[in-house]
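# Descriptive structure summary
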Amino acid sequence: MHPAPSLILFTVLSGMGFGLLVWLGLGLRAPTGLAAFILFGLGYALAGAGLIAAAFHLGHPERALKAFSQWRSSWLSREAVFSAATLALMAPHAAASVFWDRPLPLLGWLGAALALATIVATAMIYAQIRAVPRWHHWSTPPVFVLAALAGGALLAAQLTLALWLMLALGLAMAVHWVLGDQQFALARSDTGTATGLGRFGRVRLLEPPHSGRNYLLREMVHVVGRKHARKLRVIALVLGAVLPALALLLPAGYAVVGLALLAHIAGMLAQRWLFFAEAEHVVGLYYGKR
Amino acid sequence: MAMPRQPALNLSPQVSDEVRKTTCYMCACRCGIDVHMKQGKVAYIEGNRDHPVNKGVLCAKGSAGIMQHLSPARLRAPLKRVGPRGSGEFQEISWDEALQLATDWLKPLRETAPEKLAFFTGRDQSQSFTGWWAQAFGTPNWAAHGGFCSVNMAAAGIYTMGGSFWEFGQPDWDRTKLFLLFGVAEDHDSNPIKMGLGKLKARGARVIGVNPIRSGYNAIADDWVGITPGTDGLFILSLVHELLRAGKIDLGYLIRYTNAPYLVNAHDGPEKGLFLRGDDGKPLVRDRRTGRAVAWDAPDIAPDLAAGVDIGGVTHLPVFRHLADRYLSPDYAPEAVAQRCGIAPARIRAIAAEIARVAFEEEITLHQPWTDFRGVKHDTMVGRPVAMHAMRGVSAHSNGFQTARALHMLQILIGSVETPGGFRFKPPYPKPPEAHPRPHAGHSPGQPLDGPHLGYPLGPEHLLIHDDGQPKRIDKAFSWDAPLSAHGLMHMVISNAHAGDPYQIDTLFLYMANMAWNSSMNTSAVMEMLTDKTPDGSYKIPRIIYSDAYASEMVGFADLVLPDTTYLERHDCISLLDRPICEADALADSIRWPVVAPDRNVRPFQSVLLDLGARLGLPGMVRDDGTPKFRDYADYITHHERRPGIGPLAGFRGPDGTGQGRGAPNPDQINRYIENGGFWTCHIPEDAQFFKPWNAAYQDWAVARGLYDSPQPYVFNLYVEPLRKFQLAAEGHGSRQPPDHLRARLMETLDPLPIWYPTFTDADAAAKDYPLHALTQRPMAHYHSWGSQNAWLRQIHGHTPLYISGYLWAQHGFEAGDWATLTSPHGRITLPVVRMDALNPHTVWTWNAVAKRRGAWALDPNAPEATKSTLLNHLIHELLPPRGDGLRWANSDPVTGQAAWYDLRVKIEKAPAGQTVSYPAHSAQSSPVPKPPRNLAHQVKE
Amino acid sequence: MTTLPPTPARKLGLVIDLDTCVGCHACVISCKGWNTENYGAPLSDMDAYGESPEGTFLNRVHSFEVTRDAAPPMVVHFPKSCLHCDDAPCVTVCPTGASYKRAEDGIVLVNETDCIGCGLCAWACPYGAREMDGAEKVMKKCTLCVDRIYNENLPEQDREPACVRSCPAGARHFGDLGNPESAVSQLVAERGGFDLMPEQGTRPVNKYLPPRGRDTLQMPALASLCAPDTSAPTPARPAQGFLGWLDRALEKL
Ligand SMILES: Nc1nc2c(c(=O)[nH]1)N[C@H]1C(S)=C(S)[C@@H](COP(=O)(O)OP(=O)(O)OC[C@H]3O[C@@H](n4cnc5c(=O)[nH]c(N)nc54)[C@H](O)[C@@H]3O)O[C@H]1N2
Ligand SMILES: Nc1nc2c(c(=O)[nH]1)N[C@H]1C(S)=C(S)[C@@H](COP(=O)(O)OP(=O)(O)OC[C@H]3O[C@@H](n4cnc5c(=O)[nH]c(N)nc54)[C@H](O)[C@@H]3O)O[C@H]1N2
Ligand code: SF4
Ligand code: SF4
Ligand code: SF4
Ligand code: SF4
Ligand code: SF4
Ligand SMILES: [Mo]
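Just so it is clear, the structure is predicted and the values come from calculations on it, not from any experiment. (Residues numbered from 1 in each chain as written. Chains lettered and ligands numbered in written order. Predicted model: local features only at pLDDT ≥ 70, side-chain atom pairs only at ≥ 80, totals over all residues. Heavy atoms only, no water.)

## Notes on the packing of helix H21 (residues 721-730) of chain B against helix H22 (residues 740-749) of chain B
Residues and elements named next belong to chain B. Quick note on the threshold: The axes used here are C-alpha line fits, helices contributing only the stretch in contact, and every angle between their N-to-C directions lies in the interval 0 to 180 degrees. Each helix is a run of H or I in the DSSP string that is no shorter than four residues. Each strand is a run of E no shorter than two, and both are numbered from the N terminus. Two helices that cross are described as forming a left-handed crossing if the nearer one is turned anticlockwise from the farther one by less than a right angle, and a right-handed crossing if clockwise. We call two residues in contact when some of their heavy atoms are within 4.5 Å. Residues are grouped as follows: Ala, Val, Leu, Ile, Met, Phe, Trp, Tyr, Cys and Pro are nonpolar; Asp, Glu, Lys and Arg are charged; every other residue, Gly included, is polar.
Interaxial distance between H21 and H22 falls to 8 Å at its minimum, and their mutual angle equals 150°. Viewed along their axes, H21 and H22 form a crossing whose handedness is left-handed. Facing Gln727, Ala729 and Ala730 of H21, the residues of H22 in contact are Arg743, Leu746 and Met747. Of the residues that constitute the contact of H21 with H22, the class distribution is four nonpolar, one polar and one charged.

What follows is the structure, encoded as structure tokens:
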């Protein structure tokens, strides 16, 4: 799939934002006053920035409100509903924390649940897509959820929690990659089934339908070299999880958290880039691209 | 679960305000189209269901007509060259100025030396009109594009059986049970062939595709014969060998309808090999009952095919004996030809057996009585449901004439021509060579030519040569170089004019032919010839006038450009005098009419030609008082008469519009065509639909419709006597003698019975250094060079990769993304490669005419048509490489002069890594039209 | 709307005959022409005359090559447009309800005024049947010519999809695949029509008819017909055996 920068940014940033909101809502850390202002502000900013980045991806952002309508069937719609609900429900809790030093735990918990639901919905947007076998797998949501929670925990300076989450995230990414590598084959789609001609012999694309380009090729067919992918996986794993975890073993301090955060974000951007770039859509079979 | 809410849809939107029915011209197939108009603009084009050609279907090009009509490459006004030739720098001028200029150039020529005008036309379908104009002008130098296209096919068909494929005839799609397709990628009969194949498929009939490349029609062929290019004749003769051996031939048909029983004169001397004739000149046959030689059409005889007659100790054998003796020779046994053709002997036998099985075991009988020209009544029509069709894979070789002859012989031997299930002629064919005119070149200042330019010579006496043997025509048509060049040799015009051989011309006038690019061999050199100067600084070809509708490559080389309309903006006439649209069971012709008015300062070329003719005072174009006789082309179509009662359009003639074929001009004729959907048809009566050359009812019907002036029954020429006359001349008989260097070649190739010889390039010593054959194919979604200006079509075929076989792929270690360099004895090109396994292992190919010169056709100079594409034409020379005999032989068929595009031999190499642009890369020409819009979203919604 | 309707009574769709398709692209362009002028926004072409043109098409024809061990390779031209799946994932993923499957005939459509151009439905479609229009930024897909097939402004016989009407080879058939008695259903049954990527679980309505056996013409079975004439010709009498036969045959005429 085409690794669209807006989508990479969106999933990483808004994921972290919602992850932070989960922790803030749960009251694991219950900041008040300025600290609350900064932390809630950060949560809202990241979640919001992500949503804005996502809107850039839309052909018609002005019709975005329509996306709230199909929550019964569409994970994208659910994501929209959950995210809006999170931001709405969390607001009194945040305001109360900032201005009156009195968090509203009930709303906080509800908001945390919704924030978590938002993260899950985001993950499910990808995981539901059977046409991308690598995504269509139980290991996809854990990566999104753990990335969001780990990033959020870092932001919330829940260092021990963050350490464990980082390790879990590293594991989840590794599992997603290793199992993901087999998914296309397991999905049993090949040029033979795509064309129904497999029964006659070995099927190969002779000519694409047009010599000109098209949306599908641009959007769904992206070929990353294997060597390239392996390198990026190492970078994503090291920067995204291992380095932050190691940093968190050091004596706490702004520098340490900052370093861990920077590494984590860079790592997650790499992971997300790969998440898209490595994902093969079965439509590639019609274009001889696999 | 609740019913989901659905938006309310308007299921019956208004499709258009009005439908205008006219004829497509995105190619020469000429389908009927329904042009849907909204607010006076073209909104949507679909096929006309009532039209005889396409019956509602429409090809990709036809459906994309709207994008051709709106092309940004459309010329906008007459152009006068201001920069050097080839630069594309022009100034827009008025029509008055343009026509004045043309008149000033042409008038003195007509008055002094009319032959100094060479007028050649390409894709146009008004040849009877342009030829008439050129005849009135008085130049012998006129022809259309057939010489570089398919004259081999046409001439072989006419000489053998009075018609060939495509416009001449068609398979009996509704009844054929076995169909063999030789060397066709698309052909002119574009939609009808597809519709026909669809019918065969729906019935489960078998299709055999003989083609080095398995794509398109050949992809759906049940059986594919991946023949080695240039060897079809050998393969066909091997099939003939097998059928003869098995006795699977239709002897009754041969006796009744062919010259198989004609006795061939065996006396040594100037008559040897001609038919033995009676005192009345009638060919003689041996009557089996009496053993005597009698006139072929004597009543109550049993013509023999086996035995001859002895006269003065010499045995004169029937044609069929010569034929049998020749093709039964072991030289034609499957084992003997297999290697050359690249087809296993068992496969050849299997195909021969299948032909025999279907022809003789699945015979069709129609219970339709009919009477033959001898007066014999038949209760039924018996057919042999094997049909064949061939085109340029056979025709575009230097052995194409004889190969096409061999194919017709095969069709005739099994008795399938003009019988149910076989091959059927479309009126006005069949028409034997005798019923066609002879070529003419008699010219004198200020006078019209002494007759029609083109025709079918019946012997050396009809050649257009001076007493010293010099050709009379600039293209050397009908000279010893190409005696039966029935369509002229358009591909030789520029090089001959440049060389001043056989003489200098003054003005080259071209219409609708992209001669500076895809219709010339050796394109780069042709561009140089067009721009080459004499030492005094003037151009070697002094003046070039060109009519095109679009900013093609050729436009850049003209001194004066006469911009034409698009096909939706003008009158055209698809005439029975010309290249008609008839079906096997109906006479038909059609028109185009301006469904929209041009929005630019352009004029229909035919009207311009009439205007120019009037300015020049050409006979037939001016009244006695010197004023123009025709207002415009529509007026000409309506009122011109070729012979009394016969005009360009055959339908709705006579004052009341009821005349069919014959009748006085009808002023309302064009309106009647428009009301009728743009066409006219007239069905052939049931009893006249088959056996046309011999069917009395058909002959009478044809006379009544004005196709002939008297019945013209004839028999098929398995043995073509006129060819023998040329051989006799080569042997030294007669007063017209060929130059010595051509004698051997004429003797070999103008054989009166079909032969096969290797193509000239295959026979050349250099062939072994160029082990591969290189071909082009027409993409179904493009018409020659026109497709690339079409925003929709160019996305389908925007480049020309070189397709190479899996065998070569492995041999040369190609990988996806590689480029290859192809070298011929003449040039070099570089293209990206694509692997194709369903390909003759020794063949490479690419798409024809998709490549463009930078700057042409209003395309971006970096368009893939210019950067990832090239023409094979750069590798092909109009002359063969020097052979050491001091002569350069033409790269064409020695009989007809047909350009041998597909004789090309090449070698391949992997191009060095890093190649990203195709070679050759010509400099850009500047565009005479404004830059096109970047994006399109065309809609004429209310 | 985004949920799928209960199985529609009628399942309109196409049956494409891979034995007959010559790959001419007529269906591609007639579709482009009709849908540029009709349903919703025009199908645009970006960089139309430039270096890298990219237009919206609702139907495209691929070409595949099939190599076989014991027979020559085949080439199969392969047209593909929306298959109007029964279990259309493109519909259920749509967040706005712009994508929907019509309850009455199963046609899958995009309501362009509701479409936000998120592209998710195109991701969800395994077949590449949806394309985002470059100019209008809404999702485009085959409409099964819903504005033709019921159109009372068209003569009855023209109420079929543009691509079906124009296909010169007659390789495209349109009808109700929900009715086992319909001509298309019969054709599918007779010719062994199949689904594309059944493993994707989309249950396509459109069906494909396989190419018939290729290159089956065999020597042995038919050889007897051409019983070769056994008397070997000699140089002196090249057609001896043949002449004998000819003589006898002429006698019988
Ligand atoms: N390598 C290779 N070369 C080949 C062939 C091949 O198979 N391989 N095939 C050969 C054959 S058979 C042929 S017939 C030729 C064809 O070659 P050409 O006869 O050159 O055909 P086109 O490219 O169609 O060019 C015709 C010109 O007509 C112009 N035109 C289009 N419509 C109109 C109109 O309405 N009015 C006017 N006035 N002009 C118009 C076009 O813009 C174009 O410039 O190519 C030959 N060249
Ligand atoms: N769409 C479209 N239709 C067209 C045209 C067009 O440009 N586009 N051009 C029109 C014109 S002018 C013409 S002349 C006709 C030509 O129509 P076609 O005759 O179909 O022309 P080509 O595309 O040249 O195809 C020639 C075929 O012959 C095969 N071939 C080459 N050499 C041999 C051989 O030695 N033996 C055999 N058996 N096969 C061989 C090639 O592989 C190719 O498939 O098409 C007309 N129709
Ligand atoms: S075959 Fe196509 S381009 Fe040619 S006339 Fe017919 S519809 Fe037009
Ligand atoms: S129009 Fe018909 S034959 Fe042509 S590509 Fe489409 S389905 Fe195939
Ligand atoms: S083919 Fe694709 S777009 Fe069409 S219904 Fe099926 S999944 Fe949806
Ligand atoms: S692109 Fe349009 S139709 Fe597709 S899922 Fe998004 S909103 Fe729905
Ligand atoms: S049914 Fe209509 S929209 Fe669908 S592919 Fe055919 S022409 Fe295009
Ligand atoms: Mo041609």
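Resuming the write-up.
## With respect to the interface of chain B and chain A
Note the following rule: For any pair of parts, buried area is found by adding up, for both, the accessible area (1.4 Å probe) each one loses once the two are put together. Within this document, salt bridges are pairs made up of a side-chain nitrogen of Lys or Arg and a carboxyl oxygen of Asp or Glu, the two lying within 4 Å of each other. For the purposes of these results, a polar contact is taken to be a pair of N or O atoms within 3.5 Å, where, inside protein, one atom must be able to donate a hydrogen and its partner to accept one; residues adjacent in sequence count only when each atom of the pair is a side-chain atom.
Between chain B and chain A, the contact holds twelve residues from the first and seven residues from the second. It is Gln795, Ile796 and Arg835 of chain B that lose the most area in chain B upon contact with chain A, and together they represent 50% of the buried surface on that side. Joining chain B to chain A, the criterion identifies one salt bridge. Inspection of the chain B/chain A interface yields six residue pairs in polar contact (both at pLDDT 80 or more). Put simply, the parts of the chain that give the side of chain B that touches chain A at least two residues each are helix H24 (793-796) and strand S31 (828-836) of chain B. In terms of residue class, the side of chain B that touches chain A is made up of five nonpolar, four polar and three charged.

## Re the sheet that holds strand S32 (residues 843-847) of chain B
Each strand in a sheet pairs with another by means of backbone hydrogen bonds, the pair being arranged parallel or else antiparallel. Residue and element names in this part refer to chain B. To keep it simple, the criterion reads: Any two strands are treated as partners once DSSP identifies two or more bridges connecting them.
If you trace the six strands once around the closed barrel, you get S28-S32-S29-S31-S30-S33, paired in mixed fashion. Taking each pair of neighbouring strands and ignoring which way they run, the sheet shows an average axis angle of 45°. Taken together, the five bridges between strand S28 (residues 772-777) and S32 define a ladder with parallel strand orientation. From the neighbouring strand, Thr776 faces S32, where its bridge partner is Thr846.

## Overview of the interface of chain C and chain B
Residue-level contacts link 94 residues of chain C with 104 residues of chain B. When the two sides are added together, the surface that chain C and chain B hide from each other amounts to roughly 8300 Å², 60% of it contributed by carbon and sulfur. Inspection of the chain C/chain B interface yields eleven salt bridges. A salt bridge links Arg288 of chain B to Asp247 of chain C, with the nearest nitrogen and oxygen atoms 3.4 Å apart. If you look at where chain C meets chain B, you find 46 residue pairs in polar contact (both at pLDDT 80 or more). Residues belonging to the side of chain C that touches chain B are distributed by class as follows: 48 nonpolar, 22 polar and 24 charged.

## Details of the UniProt feature "domain: 4Fe-4S Mo/W bis-MGD-type" (unreviewed entry) in chain B
Which entries qualify depends on this criterion: UniProt positions are given in the numbering used here, feature names are shortened, and annotations may be inferred rather than shown by experiment.
As annotated by UniProt and renumbered to match this structure, "domain: 4Fe-4S Mo/W bis-MGD-type" (unreviewed entry) occupies residues 17-73 of chain B. Span residues 17-73 of chain B is 16% helix and 35% strand, its end C-alpha atoms 28 Å apart.

## A short note on the UniProt feature "transmembrane region" (unreviewed entry) in chain A
Residue and element names in this part refer to chain A. Per the UniProt entry, the sites bearing "transmembrane region" (unreviewed entry) are residues 7-28, 34-59, 80-100, 106-126, 138-155 and 234-266 in this numbering. End C-alpha atoms of residues 34-59 are separated by 39 Å, and the span's content is 88% helix alongside 0% strand. Within the segment residues 80-100, helix and strand shares are 100% and 0% respectively, and the terminal C-alpha atoms sit 30 Å apart.

## Observations regarding unusual backbone geometry
In most cases, non-glycine residues show a negative phi, while peptide bonds are predominantly trans. Selection criterion: Exposure categories follow from relative accessible area, calculated using a 1.4 Å probe and restricted to protein chains: below 20% of the type maximum is buried, above 50% is exposed, and the middle band is partly exposed.
Each neighbour pair has its own omega, and for Tyr429 of chain B with Pro430 of chain B the value is 10°, a cis peptide bond. Summarising the element assignment, Pro430 of chain B is placed in the loop between strand S21 (423-425) and helix H15 (490-499). For the bond from Asp501 of chain B to Pro502 of chain B, the omega torsion is 10°, close enough to zero to count as cis. Within the fold, Pro502 of chain B resides in the loop between H15 and strand S22 (507-511). Of note in the backbone geometry, Leu144 of chain C takes a positive phi value of approximately 55° without being a glycine. Considering the arrangement of structural elements, one finds Leu144 of chain C in the loop between strand S9 (139-141) and helix H4 (146-149). A residue is classified by how much of its surface remains accessible, and Leu144 of chain C, at 1% relative accessible area, is buried.

## Regarding the confidence of the model for chain B
The test is simple: Scored between 0 and 100, pLDDT is the confidence that the predictor attaches to each residue.
Looking at chain B, the pLDDT average stands at 96 and 99% of residues meet or exceed 70. Reported confidence for the predicted complex is 0.97 by ipTM and 0.97 by pTM.

## With respect to the side chain of Asp232 of chain B
Residues and elements named next belong to chain B. The condition is simple: Under the convention used here, Asp and Glu are negative, Lys and Arg are positive, and both His and the chain ends fall outside the count.
On the secondary structure map, Asp232 appears in helix H8 (residues 232-246). Despite its burial, Asp232 remains without a salt bridge, the nearest opposite charge being carried by Arg340 at 11 Å. Setting aside residues no more than four positions away along its own chain, Asp232 makes contact with Phe182, Val210, Ile227, Gly393, Val394 and Thr403.

## Regarding the packing of aromatic side chains
Quick reminder of the rule: Any two of the Phe, Tyr and Trp rings considered here, Trp counted by its six-membered ring, make a pair once their centres fall within 6.5 Å; the pair's planes then place it as stacked at under 30 degrees, edge-to-face at over 60, or tilted in between. In this analysis the charged atom, NZ for Lys or CZ for Arg, is taken to sit over a ring once it is within 6 Å of the ring centre and within 35 degrees of the ring normal.
This model, assessed by the stated rule, comprises 62 aromatic pairs over all chains. With a centroid separation of 4.5 Å and 20° between ring planes, the pair formed by Phe119 of chain B and Phe509 of chain B is classed as stacked. Taken together, the positions of Phe119 of chain B in strand S6 (residues 117-121) and Phe509 of chain B in strand S22 put the pair 390 residues apart, joining distant regions of the chain. Accessibility expressed as a relative area gives 0% for Phe509 of chain B, which makes it buried. Here Tyr757 of chain B and Phe760 of chain B contribute two aromatic rings whose centre-to-centre distance is 6.0 Å and whose plane-to-plane angle is 25°, an arrangement assigned as stacked. On the basis of relative accessibility, which here comes to 12%, the residue Phe760 of chain B falls in the buried class. By the ring-pair criterion, three or more aromatic residues cluster together here, those being Phe165, Tyr253, Tyr257, Trp370, Phe423, Phe425, Phe691, Trp694, Tyr714 and Phe716 of chain B. Sitting over the ring of Tyr919 of chain B, Arg828 of chain B keeps its end group 4.1 Å from the ring centre. Over the ring of Phe57 of chain C we find Lys32 of chain C, and its NZ or CZ is 4.2 Å from the ring centre.

## Some remarks on a positive patch on the surface
To be explicit about the condition: Nonpolar side chains (Val, Leu, Ile, Met, Phe, Trp, Tyr) within 5 Å and like charges within 9 Å form the patches, drawn only from residues with over 30% relative accessible area and no salt bridge. Exposure was quantified through the Shrake-Rupley algorithm and a 1.4 Å probe, taking into account, for residues, occlusion by the shown protein chains and nothing else. To locate a charge, the coordinates of NZ of Lys, CZ of Arg, CG of Asp or CD of Glu are taken.
On the surface, a cluster of positive charge is contributed by Arg226, Lys227, Arg230 and Lys231 of chain A. Judged by its relative accessible area of 55%, Lys231 of chain A falls in the exposed class.

## Some remarks on the domain arrangement of chain B
Residues and elements named next belong to chain B. Defined as follows: Domain delimitation in this document rests on an assignment produced automatically or drawn from a domain database.
Parsing chain B into structural domains produces domain 1 (162-428) and domain 2 (767-910). Taken together, the contact between domain 1 and domain 2 spans 24 residues of the former and 22 residues of the latter. Between domain 1 and domain 2, a total of about 2000 Å² is buried, with carbon and sulfur atoms accounting for 58% of that surface. Summed over the three residues of domain 1 that lose the most area to domain 2, namely Ile213, Arg392 and Ser398, the buried surface amounts to 29% of that side. In this assembly, domain 1 and domain 2 are joined by zero salt bridges. Applying the counting rule to domain 1 against domain 2 returns 15 residue pairs in polar contact (both at pLDDT 80 or more). Of all the elements in the fold, those that place two or more residues in the side of domain 1 that touches domain 2 are helix H13 (392-395) and helix H14 (400-413). Broken down by element, the side of domain 1 that touches domain 2 gets its largest block of residues, three residues, from H13.

## Quick look at the sheet that holds strand S24 (residues 560-563) of chain B
Residue and element names in this part refer to chain B. The strand order across the open sheet built from seven strands is S5-S4-S24-S23-S22-S6-S7, with neighbouring strands paired in mixed fashion. One side of each edge strand has no neighbouring strand; the edge strands of this open sheet are strand S5 (90-92) and strand S7 (142-143). Bridge count for S6 against S22 is five bridges, and the pairing is parallel. Within the sheet, the bridge partner assigned to Thr121 lies in S22 and is Tyr511. Together, S6, S7 and S22 form the strand contacts of helix H4 (residues 127-137), whose direction differs from that of S6 by roughly 175°.

## Quick word on the pattern of salt bridges
All names here are of chain C. What the rule picks out here adds up to 93 salt bridges over all chains. Residues Lys101 and Asp86 are paired through a salt bridge, measuring 4.0 Å at the closest nitrogen-oxygen approach. Of this pair, Lys101 sits in strand S6 (residues 99-101) while Asp86 sits in the loop between strand S5 (74-81) and helix H2 (89-92), and the two are 15 residues apart along the sequence. Summarising the burial analysis for this pair, Lys101 and Asp86 share the class buried.

## Digging into a nonpolar patch on the surface
Taken together, the side chains of Val234, Val238, Val242, Leu243, Leu246 and Leu249 of chain A define a hydrophobic patch exposed on the protein surface, amounting to about 490 Å² of accessible area. Within the secondary structure, Leu243 of chain A is located in helix H9 (residues 226-249).

## Notes on the site of ligand 5
To keep things clear, this is the line we draw: The near set for a molecule or strand comprises every residue that places at least one heavy atom within 4 Å of it.
Around ligand 5, a shell composed of 13 residues is seen, among which Cys82, Cys85, Cys90, Cys125 and Arg130 of chain C lie nearest. Grouping the constituent residues of the shell around ligand 5 by class yields eleven nonpolar, one polar and one charged.

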